[in-house]
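Summary of structural features
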Number of protein chains: 2
Amino acid sequence: MDNKEAIMVVLGKRLRIVRNAKRISQEKLAEYAQTDKNYISEVERGLKQPTIEKLYTITQALDINIEDLFKGIEEEIQSDFNI
Amino acid sequence: MDNKEAIMVVLGKRLRIVRNAKRISQEKLAEYAQTDKNYISEVERGLKQPTIEKLYTITQALDINIEDLFKGIEEEIQSDFNI
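Residues numbered from 1 in each chain as written. Chains lettered and ligands numbered in written order. Predicted model: local features only at pLDDT ≥ 70, side-chain atom pairs only at ≥ 80, totals over all residues. Heavy atoms only, no water.

1. A short note on the UniProt feature "domain: HTH cro/C1-type" (unreviewed entry) in chain A
This is how it is decided: UniProt positions are given in the numbering used here, feature names are shortened, and annotations may be inferred rather than shown by experiment. Helix and strand assignments follow DSSP, with helices taken as H or I runs no shorter than four residues and strands as E runs no shorter than two, numbered in order from the N terminus.
UniProt's feature table lists "domain: HTH cro/C1-type" (unreviewed entry) at residues 15-69 of chain A, given in the numbering used throughout. Helix makes up 65% of residues 15-69 of chain A and strand 0%, and the two end C-alpha atoms of the span are 8 Å apart.

Written out as structure tokens, the structure is:
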């Protein structure tokens, strides 16, 4: 896995952590972000890459700033994937 | 323009500001990011939406952290586009 793919895995993991912390179900998040549950599940597992616009919509649905999702992501990619 | 489209215009503007501040030409950035000059030009004008992976590659080519690109972007979108 190169660091391009790794960013999607880390972003997906972070989205899930935020969603769970806010006790929002995948169904509810999908509804807020005008998408469906499977899409959210695949994004969270790093299997699907949302557009930047859709990622922005998801962060707004989670009521977080998009910058928070990327905070220190380079370090996390390096430590998680040794790249 | 809704705030989804607005994020691409603001991101493009920010990429151009960073690229110029680092005195890197569009050609050079395109080379570093394994793409072409027109693509960089269209992204900078908000006309093309890179994937998150490609945006990450571009930020690495510019030697900035991707989080810096999104810092305070919600406020800038609101002030630039009144949304």
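2. What to know about the interface of chain B and chain A
Definition in use: When checking whether two residues touch, look at their non-hydrogen atoms; a contact exists if any pair is within 4.5 Å. As a working definition, buried area equals the accessible area (1.4 Å probe) given up by two parts on being put together, with both sides summed. Any pair of nitrogen or oxygen atoms within 3.5 Å is treated as a polar contact; in protein, a donor-acceptor pairing is required on top of that, and neighbouring residues in sequence qualify only through side-chain atoms on both sides. Think of it as three bins: nonpolar holds Ala, Val, Leu, Ile, Met, Phe, Trp, Tyr, Cys and Pro, charged holds Asp, Glu, Lys and Arg, and polar takes everything else, Gly as well.
Contact with chain B, which involves 25 residues of that partner, is made by 25 residues of chain A. Between chain B and chain A the total buried area reaches about 2,300 Å² when both faces are included, carbon and sulfur atoms providing 59% of it. Of all residues in chain B, Ile 52, Glu 53 and Tyr 56 of chain B bury the most surface against chain A, accounting for 31% of the area lost on that side. Applying the counting rule to chain B against chain A returns eight residue pairs in polar contact (both at pLDDT 80 or more). At the level of secondary structure, the elements contributing two or more residues to the side of chain B that touches chain A comprise α1 (3-21), α4 (52-61), α5 (66-70) and α6 (73-81) of chain B. Across the side of chain B that touches chain A, the residue classes tally to 12 nonpolar, seven polar and six charged.

3. Structural notes on the relation of the copies chain B and chain A
The operation linking the two copies of the chain is a rotation about an axis combined with a translation along the axis. Going by this rule: All copies are superposed by least squares; the fitting set is the C-alpha atoms of residues with a pLDDT of at least 70 in both.
The two copies are related by a screw operation: chain B maps onto chain A through 180° of rotation and 0.0 Å of translation along the axis, at an RMSD of 0.0 Å. On this basis, the relationship between the two copies can be described by a two-fold rotation axis. A share of 100% of interface residues in chain B that are also interface residues in chain A marks the association as one of identical surfaces.

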